[in-house]
Each structure stands twice: as structure tokens, then as C-alpha cells.
Amino acid sequence: MTPKKIICVVGTRPEAIKMAPIILALKKCKEFNVRVLATAQHRQMLDQVLKVFNIEPDIDFNIMRPNQALTTLTGRLLLELDEVLITEKPDVVLAQGDTTTVMSVALACFYHRIPFGHVEAGLRTWDMDNPFPEELNRVIAGKLSRWHFAPTESSRNNLVKEGVPPDQIWVTGNSVIDALKSVADTRPSIGVKLDDSKRLILVTAHRRENFGEPIREICRAVLALVERNEDVQVLYPVHPNPNVQSVAHELLGGHPRIVLCDPLDYLPFVGAMQRAYLILSDSGGVQEEAPALGKPVLVLRRETERPEAVEDGVVKLVGSDFECIVGEAQLLLDDESAYREMARGVSPYGDGLTADRIVRVLLEYIQQCD
Ligand code: UD1
Ligand code: UDP
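**A word on the site of ligand 2**
Piece 1. Lining the immediate surroundings of ligand 2 are 16 residues, of which L264, S283, G284, G285 and E289 lie closest.
Piece 2. Take R13: an N or O atom from its side chain is 2.8 Å from an oxygen atom of ligand 2.
Piece 3. Residue L264 places a main-chain N or O atom 2.7 Å away from a nitrogen atom belonging to ligand 2.
Piece 4. When ligand 2 is considered free in solution it has 540 Å² of accessible area, and contact with the protein chains removes 95% of it.
Piece 5. When residues of the shell around ligand 2 are traced back to their parent elements, those giving at least two are α1 (13–27), α10 (266–275) and α11 (284–292).
Piece 6. Broken down by class, the residue content of the shell around ligand 2 amounts to 8 nonpolar, 4 polar and 4 charged.

**Focus: the pairing of strand β2 (residues 32–38)**
Piece 1. With 5 of 7 residues buried, β2 is to be regarded as a mostly interior element.
Piece 2. Sheet topology places strand β1 (residues 4–10) next to β2; 7 bridges connect them, and they run parallel. Considered in β2, the bridge of K4 is made with F32.
Piece 3. As a crossover connection, the stretch from β1 through α1 into β2 is right-handed.
Piece 4. By the bridge criterion, 2 bridges tie β2 to strand β3 (residues 59–60) in an arrangement that is parallel. Within the sheet, the bridge partner assigned to L37 lies in β3 and is I59.

**Structural notes on the packing of aromatic side chains**
Piece 1. On inspection of all chains with the given rule, the structure shows 5 aromatic pairs.
Piece 2. Aromatic side chains F149 and W170 sit 6.0 Å apart centroid to centroid with 40° between the ring planes, which places their arrangement in the tilted category. On the criterion of sequence distance, the pair formed by F149 in strand β6 (residues 147–150) and W170 in strand β7 (residues 169–171) is long-range, its members being 21 residues apart.
Piece 3. Their ring planes at 10° and their centres at 4.0 Å tell us that Y277 and Y339 sit as a pair that is stacked. Of this pair, Y277 sits in the loop between α10 and β11 (278–281) while Y339 sits in helix α14 (residues 336–342), and the two are 62 residues apart along the sequence. Y339 shares its class with Y277; the two are buried.

**Comments concerning the sheet that holds strand β10 (residues 258–261)**
Piece 1. If you walk across this open sheet you meet the 6 strands as β10-β9-β8-β11-β12-β13, and the pairing is parallel. Either end of the sheet is taken by a strand with one partner, and the two such strands are β10 and β13 (315–317). Strand-to-strand, the axes of this sheet are offset by a mean angle of 20°, without reference to chain direction.
Piece 2. Bridge count for β11 against strand β12 (residues 297–299) is 3 bridges, and the pairing is parallel. Looking across to β12, one finds that L280 is bridged to L298.

**With respect to the pattern of salt bridges**
Once their charged atoms are close, side chains differing in charge can pair, the charge on each being opposite to the other.
Piece 1. Evaluation of the coordinates by the stated rule reveals 28 salt bridges.
Piece 2. A salt bridge links K30 to E31, with the nearest nitrogen and oxygen atoms 3.4 Å apart.
Piece 3. Across the pair D98 and R138 runs a salt bridge whose closest N-O atoms are separated by 2.8 Å. Pair noted here: D98 is in the loop between β4 (92–96) and α4 (100–111) and R138 is in helix α5 (residues 134–144), with a separation of 40 residues, a long-range link.
Piece 4. The network of salt bridges with common partners includes K18, D98, E120, E135, R138, E288, R301, E305 and R306.

**As for the site of ligand 1**
Piece 1. Neighbouring residues of ligand 1: 24 residues in total, closest Q41, H42, Q44, R65 and E134.
Piece 2. One nitrogen or oxygen atom from the main chain of T100 is found 2.8 Å from an oxygen atom belonging to ligand 1.
Piece 3. When the free accessible area of ligand 1 is taken as 740 Å², the share hidden by the protein chains comes to 94%.
Piece 4. When the residues that make up the shell around ligand 1 are grouped by side-chain class, the tally is 8 nonpolar, 11 polar and 5 charged.

Conventions we followed
Residues numbered from 1 in each chain as written. Chains lettered and ligands numbered in written order. Predicted model: local features only at pLDDT ≥ 70, side-chain atom pairs only at ≥ 80, totals over all residues. Heavy atoms only, no water. Near = heavy atom within 4 Å. Polar contact = N/O pair within 3.5 Å; in protein donor to acceptor, adjacent residues only side chain to side chain. Areas by Shrake-Rupley, 256 points an atom, 1.4 Å probe, with all protein chains shown as cover. Helix = DSSP H or I, 4+ residues; strand = E, 2+ residues; numbered from the N terminus. Nonpolar A, V, L, I, M, F, W, Y, C, P; charged D, E, K, R; others polar. Buried < 20%, exposed > 50% of the residue type's maximum accessible area, 1.4 Å probe, protein only. Pairing = 2+ DSSP bridges. Right-handed = clockwise from strand over helix to strand, strands pointing away. Phe/Tyr/Trp six-rings, centres within 6.5 Å; stacked < 30°, edge-to-face > 60°. Axes fitted to C-alpha atoms, helices over the stretch in contact; angles between N-to-C directions. Salt bridge = Lys/Arg side-chain N within 4 Å of Asp/Glu carboxyl O.

As C-alpha cells, this is what we get:
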């Protein structure tokens, strides 16, 4: 049998982390000719992850421009994808998540009548503004997919509600846990000088709906927590988006117990999550990883498309309200039993075998094609 050509697309840091286990598993199968396409919607943050997993892109659009508008990004992606799909003629295309890269890939595949597989399908808040523009991106990808790889039963149910035929949905878990399991046991070092006698609050924030006043409020809350608690230090790897950089450095720069640093490479970041007492984040991936590591997360968002960990009581939504962030964080700093309740290690998003499940589905498909 001639190997079938499968293009795996990655654009941003989390896509690379979540696609890496799948790309590596596909590459082990002689039935597939795996091509890795990096749109490089992120540049440095994508490259560091690909390096960790030893993945070399076969095609690279190098699309990132500083502070690029979403319309420009989408237009440029579609033009590049058009050309690649015509020349490469893949049998299958696979992408993960809800970024502009994923939405554009799904749309380009639809126009070219190429079957598209969506990894991490079916996440919804049912609110187009939260998160923006990700809710629309994943709704579009969901409309156009041949295979929907849903991480949980609840994401599967969202797709069924939208009319996706159940036989096109597979509940696979989330490959973020495959990636995490492949590195967590090494207890990677953080590579940043921290005071071992202090409790660490790890902070990340990058969502577009938090730009402006919400991110300022989040920073003011972080500052208040450090000032009220002598035994607390903060590590905040600042996302390179200029809208985040400027505010974080203006409001938090220079404090002796706040370390602002560039985004950490994936391994040091896993080390930082392991070392953290508490995590404040608006990230999607961190909401999935931290529960598996037994770390409480206060989510700096109004809505989450990941309700499972909230229902399990190990993740709490606090939004960007100063009082709410400070109040909930202070409770976890002061009240040991409230802390222990949230620091139970649970893993509602996967068992580390997601990549194998996805590969099996695709193998079955190509065997039927022959
Ligand atoms: C993007 C995704 C978001 C995802 C996040 C993961 C969209 C619309 N947004 O948000 O869903 O959660 O990635 O981090 O798809 N930049 C760099 N170097 C990098 C990466 C980014 O300098 O390696 C800067 C550039 O100025 C770039 C800007 O950040 O233009 C914004 O990047 P972009 O991908 O548009 O948005 P993110 O906020 O990173
Ligand atoms: N991450 C990282 N370095 C950092 C911050 C996050 O490697 O400094 C990893 C984290 O472990 C998770 C992923 O990046 O797997 C989450 O990416 P991000 O928060 O940028 O995007 P989202 O998940 O919100 O789409």
C-alpha cells in the first residue's frame, strides 16, 4: 500500500504541544507519509516546542508579524494554504484547537474537498465574545471537519447538539496530557532564580478579551497579593503579545518578589507548574495540565469551555475582577483545607493515550480507502 499523505498543521505554542504526540505517533506508522506544516502564527514560541519534541517542519509559512490584525493573518494564511494544498495534494489534514490557523486550515480544506480532522473538537462557551475570537474559530472548524476528536463526553455532547453525526465523533481525551506525561516525570528545572522559602504563584495571561482594563486589573490584583503576603513570590512569564507586555512591565516591573520573564520553554514551564503553590491563568492548556499536576488554578476569565475541572472543584473561574481574584487567592493562601480541596490531582482531560486513539481512527479510514 502506498503511504497516505497526512499534513499536520501547527501554528501556535499550544498547537505544537498538543499536536506533537500525534505527529510522533503518526510518524511511527508506515501507512502514513507525515508532513508537518508550520504556519508559524507564533515564531519563537512555536519553534521552542518543536525543538523539545524534535519535530522539524517540512513546510513553513513564517506568517507571524508583530501585532498582526486577525483579518490580515486570516487572509495571508488562506493564500498560503491554497498553494500548499494544490501542490501537496494531501489525503488527510489534521489540526488542533481554536486558533486562526486552525479555522483557516479547516476552511481551505473545505474549499479543496480535502478531509479535515479536528483535534480537541467540541469545546464551547456558547459566547462569541468569550473567548474572542476562539469561539468562532472552533465553531467554523467544527462545521467543516470529517473527524471530530473530542477530548471529553461533554465536548462530544456539544457537537451532537450542533448536529454533528455521532459516528463522526470520537472521545479521545486531550493530547495535552500525552505531552505532559512524556516530560513531567523528569521534574524539569525552571531555570529562573526563585526564593525557595516563599510560596510561588505562577501567572499567565494572554486572551484578547482581557486586553485593556481587564489585564490592568489582573496585574493590580497580583501586586496586591504580593504586598499583602510576605511569604509569596510571583513568577509571570509574559506572553510576547505587545498588548500584554506593555501592561505587565508597567504595573509589575521592578518588584523584588515579582519575577517577570520571557515565555518559558515548555519543559521549564512544566517545572514551574510543579513548583507552584497556586496558578492564576487565562490559558486553556494550563486549565488542563494543572489539575493533572494537583495544582489549583484560578481562571482569569468570565467563561470557560473546559467545565470538567470546574465541576471537579479543582479549577475556579474568577474573571478579571480585582476583589474576586484577591479574595479567592487569599482564601487558598490562608485556609489549608480549602487549598487541599482544590489541590487534588485529577485528570478530567485525558490519560495520556489520546494520540494512539486518534491514529487508530485514521488508520481504519485509510484502510477502508484502499
Ligand atoms: C494566539 C491564539 C490564541 C491562543 C494563543 C496561544 C488566535 C487569534 N489567537 O493568541 O487562541 O490561545 O495564541 O498562545 O489565533 N508574538 C511574538 N512571538 C511569538 C508569538 C507571538 O512576538 O512567538 C507576538 C507577535 O507580535 C504577534 C502577537 O504576539 O503578532 C500576537 O500573536 P497571535 O498569534 O495573533 O495572538 P496570541 O495572542 O498569541
Ligand atoms: N506554556 C509554556 N510556557 C509558558 C506558558 C505556557 O510552555 O511560558 C505552555 C503550557 O504548558 C501549555 C501551553 O503553553 O501547554 C498553553 O499555551 P497558551 O496559554 O499560550 O495558549 P492556550 O492554551 O490558552 O491556547
